[in-house]
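Reading the structure
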Amino acid sequence: LAQVCNRVAVMASPSLGQHLIPSSFVHKARKNVSELTEPKHAGWGEVVVIKDAAFDVLEEAPHHKLGELYATSICGNDITGSCFFVTGAILSAAGIFAPVGAILAACTLWLYRWVYTEAVTALPFNGGIYNILLNTVRSKKVAGLVATLTMLSYIATTVVSAISAGQYMISIADPNPKDQHTRDVDNEHVIYIAIALIVAFAILKLFGMSESAVVAAGMFIFHLTTMAILWVSAVVYCIMPHGEHGVFGKMVENLKFNAEYTFQDHTPVLSDMVMGFASAMLGVSGFESSANFVEEQAEGVFPKTLRNMWVAVTILNISFSVLCLCCTKLDELKPEADYSLAYLGKVTAGDWLKLWVSIDAFIVLAAAVLTSYVGIGGLASRMGGDRVLPMAFMTRDQVPTILFGAICIALVLSVNGNSQKLGACYTFAFLVVMILFAMSLFVLQTKRPKLPRAMQNNPVIPALAALLVLIALITSIVSNASVLPVFALYWGVLLFVVGGFMYRLKLVQFLAHLARLCRCCPSGYLERSSRRIRQEASVVYFTKSANICRLNKALMYVRQNEDTDHVRVVHVFEDEKRIPKNLVSCVGILDTIYPSVKVDLMFIQGTFGPAVIQNLSVKLGIPPNLMFITCPTSQEFNRRLENLKGVRVITGYEEEDALEESVMMSFADLNMGDKGLPSPGRSLATGEDGAGVSISALLAAGVARAEEWGRDSSTPVAGASGGFGVSVELGETSVPSGNTGGLSAGALGSL
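As the structure is a computational prediction, the values presented were derived from the model and not from experiment.

Strand pairing in a sheet takes place through backbone hydrogen bonds and is either antiparallel or parallel in direction. Strand order across the open sheet formed by 7 strands is β6-β5-β2-β3-β4-β1-β7, with parallel pairing between neighbours. Sheet topology places β6 (648–651) and β7 (704–707) at the edges, where each strand pairs with a single neighbour. With direction set aside, neighbouring strand axes in the sheet form an average angle of 30°. Strands β3 (566–573) and β4 (598–605) of the sheet are contacted by helix α25 (residues 583–593), whose axis makes an angle of about 160° with β4.

Counting residues in hydrophobic clusters, the biggest one holds 199 residues, and the most contacted among them are Tyr-116, Phe-542 and Phe-603. Excluding residues within four positions of it along the chain, Phe-603 makes contact with Val-47, Val-48, Val-49, Ile-50, His-571, Phe-573, Ile-579, Leu-583, Val-584, Ile-695 and Leu-698. With 6 residues, the next largest nonpolar core counts Val-508, Ala-512, Ala-515 and Leu-526 among its residues.

Taken as a whole and assessed by the stated rule, the structure comprises 15 aromatic pairs. With centroids separated by 6.0 Å and ring planes inclined at 85°, the aromatic side chains of Trp-110 and Trp-114 adopt a geometry described as edge-to-face. In this pair, Trp-110 and Trp-114 both sit in helix α6 (residues 98–122), 4 residues apart, roughly one turn of the helix. Trp-114 gets classed as partly exposed once you look at its relative accessible area, which sits at 22%. Between Tyr-557 and Phe-628, the ring centres sit 5.8 Å apart and the planes meet at 85°, which makes this aromatic pair edge-to-face. With Tyr-557 in helix α24 (residues 548–561) and Phe-628 in strand β5 (residues 627–630), this residue pair connects regions lying 71 residues apart in the sequence. On the basis of relative accessibility, which here comes to 0%, the residue Tyr-557 falls in the buried class. Site record: aromatic cluster; members linked through ring pairs are Tyr-112, Tyr-116, Phe-287 and Phe-437. When the ring centre of Phe-257 is taken as origin, the NZ or CZ atom of Lys-329, which lies over that ring, is 5.8 Å away. Cation over ring: Arg-504 sits above Phe-501, and NZ or CZ is 4.1 Å from the ring centre.

As a further point, take the pairing of strand β2 (residues 539–542). Neither face of β2 is open: one carries Val-539 and Tyr-541, the other Val-540 and Phe-542, and all of them are buried. Here 4 bridges tie β2 to β3, and the two strands are oriented parallel to one another. Residue Tyr-541 lies in a different strand from β3, and its bridge partner there is Val-569. As paired elements, β2 and β5 share 2 bridges and run parallel to each other. In the strand pairing of β5, Tyr-541 is matched with Phe-628.

Moving on, we get to helix α21 (residues 484–502). With 19 residues, α21 extends 26 Å between its outermost C-alpha atoms, agreeing within 8% with the 27 Å of an ideal straight helix rising 1.5 Å per residue. Phe-487, Leu-494, Val-498, Gly-499, Phe-501 and Met-502 are the residues of α21 that are buried. In a view along the axis of α21, the buried residues occupy a sector of 150°, so they form one face of it. Residues Pro-485, Leu-489, Phe-496 and Val-497 are exposed on α21 and point more than 90 degrees away from its buried face.

What follows deals with the packing of helix α5 (residues 83–94) against helix α13 (residues 301–327). Running from N to C, α5 and α13 cross one another at 55°; their axes reach a closest spacing of 10 Å. One way to sum up the angle between α5 and α13 is to call them oblique. For the element pair α5 and α13, the recorded crossing hand is right-handed. Within the contact between the two elements, α5 uses Cys-83, Thr-87 and Leu-91 and α13 uses Asn-317, Phe-320, Ser-321, Cys-324 and Leu-325. Here the residues of the contact of α5 with α13 sort into 5 nonpolar, 3 polar and no charged.

Reading the values: rules and limits
For every chain, the first residue of its written sequence is number 1, and the numbers climb from 1 along that sequence. pLDDT decides what is reported in this predicted model: residues at 70 or higher carry local features, side-chain atom pairs at 80 or more are listed and counted, and totals for whole chains, interfaces and linings draw on all residues regardless. Calculation of side-chain values draws on the structure's entire complement of heavy atoms; hydrogens and water are dropped beforehand. Strands are labelled as partners when DSSP assigns at least two bridges between them. The helix and strand labels rest on DSSP assignments: H or I over at least four residues marks a helix, E over at least two residues marks a strand, and numbering proceeds from the N terminus. Axis lines are fitted to C-alpha atoms, over the contacting stretch for helices. Their N-to-C directions set the angle, which ranges from 0 to 180 degrees. Contact definition: two residues touch when any of their heavy atoms are within 4.5 Å. Grouping buried Ala, Val, Leu, Ile, Met, Phe, Trp, Tyr and Cys residues that are joined through side-chain atoms within 4.5 Å yields what is termed a nonpolar core. Partly exposed residues are those whose accessible area sits between 20% and 50% of the maximum for their type, while under 20% is buried and over 50% is exposed, using a 1.4 Å probe and protein chains only. Pairing of aromatic side chains requires ring centres within 6.5 Å, counting the rings of Phe and Tyr and the six-membered ring of Trp. Pairs whose planes differ by under 30 degrees are stacked, by over 60 edge-to-face, and all others tilted. Whether a charge sits over a ring comes down to the Lys NZ or Arg CZ being within 6 Å of the ring centre and within 35 degrees of the ring normal. Helix span, expected: 1.5 Å multiplied by one less than the number of residues in the helix. What the arc describes is the spread of directions from the helix axis to the C-beta atoms. Just so you know how the angles are binned, under 35 degrees is roughly parallel, over 145 roughly antiparallel, 65 to 115 roughly perpendicular, and the rest oblique. Less than a right angle of anticlockwise turn of the near helix away from the far helix marks a crossing as left-handed, whereas a clockwise turn marks it as right-handed. Classification convention: Asp, Glu, Lys, Arg as charged; Ala, Val, Leu, Ile, Met, Phe, Trp, Tyr, Cys, Pro as nonpolar; all other residues, Gly among them, as polar.

Following this line, the structure appears as structure tokens:
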């Protein structure tokens, strides 16, 4: 608005009006004036009217949404399978206080259950933390760079789970390797098994989401059944008498021994609890996965998946940490920490249960690989549609699947079957993502307070959740400080790849500039590439008011975040009388303020909703991800965010009427003079009663052109040029009529 006022003030001065001409108004009239023009001019915008368009929801390929069981199974295999390696880690770190750490982790997850529910039901799109930041902060690049942490966690999960599954399989075949050569051969077999699992689940993912969910559900049910049998076996073992010990006698003896074993280290109790809590937080990995494929879930399923995961992981991790303390001695369990539940099965029921649990561990750890494929697929698809990654990541599901599998196989080979450091990297990435998710909820509540959602949390909940995870993160960093350089290396590579694509336009322009300076390298190809990048990323902004403040914010957002030189401002109307009377003037002003961006104005007669968005996407070739709106507040079906095909929220809700009256320039009160466009409040822009915009008058005056959708070509009205301007003269400079730009130079120069 300050830019508009300054420009109008300059043009309002009679002494300056003939000399200081905004560069956008100059149309190659004088050499000395044309030198003032900006080097990159995108062209003048136009006004397009589409009346009586029949918008029907286009038929799409059948898309089966996941129910509660299938959705829970996909992410539940990851989080419930963590008990295989978390139980031993908690007991080794906290000893007799292991259940306290598991309880604290369960309480933290309970807080995050409500954090995720509010955030994802408010913005129900794939992408998790990336999606929340994309729709709340004013920087797409920040959201893209944070998403690399989620990518790293998925890569690490896949590699660690595949290698761990291979180790469990080898432990079944050869439980006691006799020499170093045998162990080396076993390690090679672990690598082969891990690669085979990654390839197998990549193929399964390529068959489709429904087929993947069926397999995941079978694995999930088998895993829970195994855990139930192991739980019953351990409880019976605690109760039954053993030799000299009566009922509960063996349990009491083990608890006494484990307490003495814990206190003999003379470490502070609080330190043991914190270390146990940090180890237990690894047991909640996978909780964030459900948010990355929420669009694949049926309505109302997402909160249920969070509830089911929380209940399952709470029961498993707390109960098995207690049962291990009751049934085993810590000095015997610690050497078997990586196979703690298999060892528990051997102690309580014999080798048959150990074998069964080991097979289940192999299956459920392998299923965690599938969870990563599903999660990375949803995230990459969303980022591809937003031009943070190449568009192929959205249009072809095979691209992220194959590329992700290839990266994971390369990492398996590079770590040579030893996933310890990569597991620590996963811990860092996962905990940082959890902290950022809680913090993003604060941003959502302050920036988008009126966005409809299933619930609204007290700020204490995300604050406490972030604090607890921060404690776990600091503890993990202190315990694994030597892994920080490895984490920085892996994350740096992802930042370089994603950041390189997001900044590709600036990079191409820089290289073209260097080529022009050197004069020995042709720069034509680079310049054509720069133009192609800008032209293929055209965007749409839906507006329902003539609020120039908000329109200016939208244009500033596009310039800062999108590599485009073409913006279409779209107003969907049902009745001409309700069209904002100043909209044409406001868009025309912005078209002159930003000469490097072509700003079109489209009037579409119809009802705003999924059908309009879908048809507009097909006609203009713009994906819904590149269509922007103001924060919606309606609960109507056609206006709920989840039904708007993935459009992006870039501005917050404001009380438009009061803002327009008190802040916005009242163009209706400006005397435009007889050289330029009449005031928008007069007959050209409004009807006889002065309310709304007369589309017929705009078409008849040549300010707009008409299109009839449903035909192969547009149908312009005779004599309509389609531009904002009309023929004027300014001093010695003649500006042609038609498609010459925003409001005419004479119109504003005469103020």
